[in-house]
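What the coordinates show
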Amino acid sequence: MQTTKSQITLVNAEGLIVGRMCSKIAKLLLNGEEVIILNAEKAVFSGKKKSKVAEAKEFLEVGAPERGPFHYRRPDRFLRKTVRGMLPFKQPKGKNAYKRLKVFMGVPVEFKGQTMIVFEDAQSTDLKGPHFTLGELAKEIGWNNRME
């Protein structure tokens, strides 16, 4: 059994496109790294807000509250589940990779001065069309922001 500490990677999600960022994070997790995502509520979705909110609300109607599937509205949980969808979660390597993922809204005190990586090819500055943040989507689908 190995006792080596896995490498910790801090990712600043501010201004990054959700799908592109999550696919890169899933690859890092499968390679054995521990990934911590910060500023989850500032990640960006591309497209028209109205249509994406309607799509999310339709998805929320699937299932039953007591049996599941359970749909998260908090941005950090939402992002975590998005990464989970890009992992082979039903296999042991996927489960172990998922356990190495941590997601936070904002930047906690213990990570304040540390260097964070930003994926250049996932930047939302390249988008020409409409876009909005994960925090805005979360508020639209029922997240009660208790951080403010």
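These remarks concern the structure in this document. (Residues numbered from 1 in each chain as written. Predicted model: local features only at pLDDT ≥ 70, side-chain atom pairs only at ≥ 80, totals over all residues. Heavy atoms only, no water.)

All right, on to the overall build of the chain then. If you tally the helices and strands in the chain, you get five helices and five strands. Secondary structure elements of the chain occur, N-terminal to C-terminal, as β-α-β-β-α-α-α-β-β-α. Here the chain has a C-alpha radius of gyration of 16 Å; the compact-globule value for 148 residues is 15 Å, and the two agree. Over its C-alpha atoms, taken along the principal directions, the chain stretches across nearly 50 × 40 × 30 Å. Evaluated residue by residue, the chain yields a buried proportion of 39% over its 148 residues. (Helix = DSSP H or I, 4+ residues; strand = E, 2+ residues; numbered from the N terminus. Rg over C-alpha atoms; globule rule 2.2 N^0.38 Å. Buried < 20%, exposed > 50% of the residue type's maximum accessible area, 1.4 Å probe, protein only.)

What follows covers the nonpolar core. Proteins that are soluble and globular tend to have nonpolar side chains buried together. With 31 residues, the main nonpolar core has Met21, Ile25, Leu79 and Leu101 as its most contacted residues. Where this core is concerned, the elements lending two or more residues are helix H1 (18-30), strand E2 (34-38), helix H2 (49-60), helix H3 (75-84), helix H4 (92-99), strand E4 (101-103) and helix H5 (134-140). (Core = buried A, V, L, I, M, F, W, Y, C linked by side-chain atoms within 4.5 Å.)

Attention shifts here to the sheet that holds E2. Strands sit in the order E1-E2-E4 across an open sheet of three strands; the sheet is parallel. Looking at which strands have only one partner, the edges of the open sheet turn out to be strand E1 (8-12) and E4. Ignoring strand direction, the axes of neighbouring strands in this sheet form an average angle of 15 degrees. By the bridge criterion, five bridges tie E1 to E2 in an arrangement that is parallel. Residue pairing for E2: Leu10 is matched across the bridge by Ile36. On top of the sheet, H1 reaches E1, E2 and E4; it is set at about 155 degrees to E2, its chief contact. Of the strands in this sheet, E2 and E4 touch H3, which is tilted by about 150 degrees from E4. (Pairing = 2+ DSSP bridges. Axes fitted to C-alpha atoms, helices over the stretch in contact; angles between N-to-C directions. Contact = heavy atoms within 4.5 Å.)

Another point: the pattern of salt bridges. Summed over all chains, the structure comprises six salt bridges. Put simply, Glu34 and Lys102 hold a salt bridge, and the shortest N to O gap is 3.4 Å. Of this pair, Glu34 sits in strand E2 while Lys102 sits in strand E4; the two residues are 68 residues apart in sequence, bridging distant segments of the chain. By relative accessible area, Lys102 is classed as partly exposed at 37%. Residues joined by salt bridges that share partners form a network here, namely Lys49, Glu136 and Glu140. (Salt bridge = Lys/Arg side-chain N within 4 Å of Asp/Glu carboxyl O.)

Following both chains from N to C, one finds H1 and H3 inclined at 60 degrees, their axes separated by 9 Å at the closest point. As judged from the angle between their axes, H1 and H3 are oblique. When you trace H1 past H3, the crossing you get is right-handed. Here Val18, Met21, Cys22, Ile25, Ala26 and Leu29 of H1 lie close against H3, whose contacting residues are Leu79, Thr82 and Val83. Class assignment of the residues belonging to the contact of H1 with H3 gives a composition of eight nonpolar, one polar and no charged. (Parallel < 35°, antiparallel > 145°, perpendicular 65-115°, else oblique. Left-handed = near helix turned anticlockwise from the far one by under 90°. Nonpolar A, V, L, I, M, F, W, Y, C, P; charged D, E, K, R; others polar.)

A few words on H4. Every buried residue of H4 is accounted for by Gly94, Ala97 and Tyr98. The buried residues of H4 all sit within an arc of 100 degrees when viewed along its axis, so they share a single face. Exposed side of H4, more than 90 degrees from the buried face: Pro92, Lys93 and Lys99 are the residues found there. Structurally, H4 contributes buried residues whose contacts are with H1, H3 and E4. (Arc of directions from axis to C-beta.)

To continue, consider the packing of aromatic side chains. Throughout the structure, instances matching the rule amount to four aromatic pairs. When the centroid spacing of 5.2 Å and the interplanar angle of 85 degrees are considered together, the rings of Phe89 and Tyr98 count as edge-to-face. A centroid spacing of 5.8 Å and a plane angle of 50 degrees characterise the contact between Phe104 and Phe111, whose relative ring orientation is tilted. Judged by relative accessible area, Phe111 falls into the buried class, the value being 11%. One aromatic cluster is present, formed by Phe45, Phe78 and Phe132 through successive ring pairs. (Phe/Tyr/Trp six-rings, centres within 6.5 Å; stacked < 30°, edge-to-face > 60°.)

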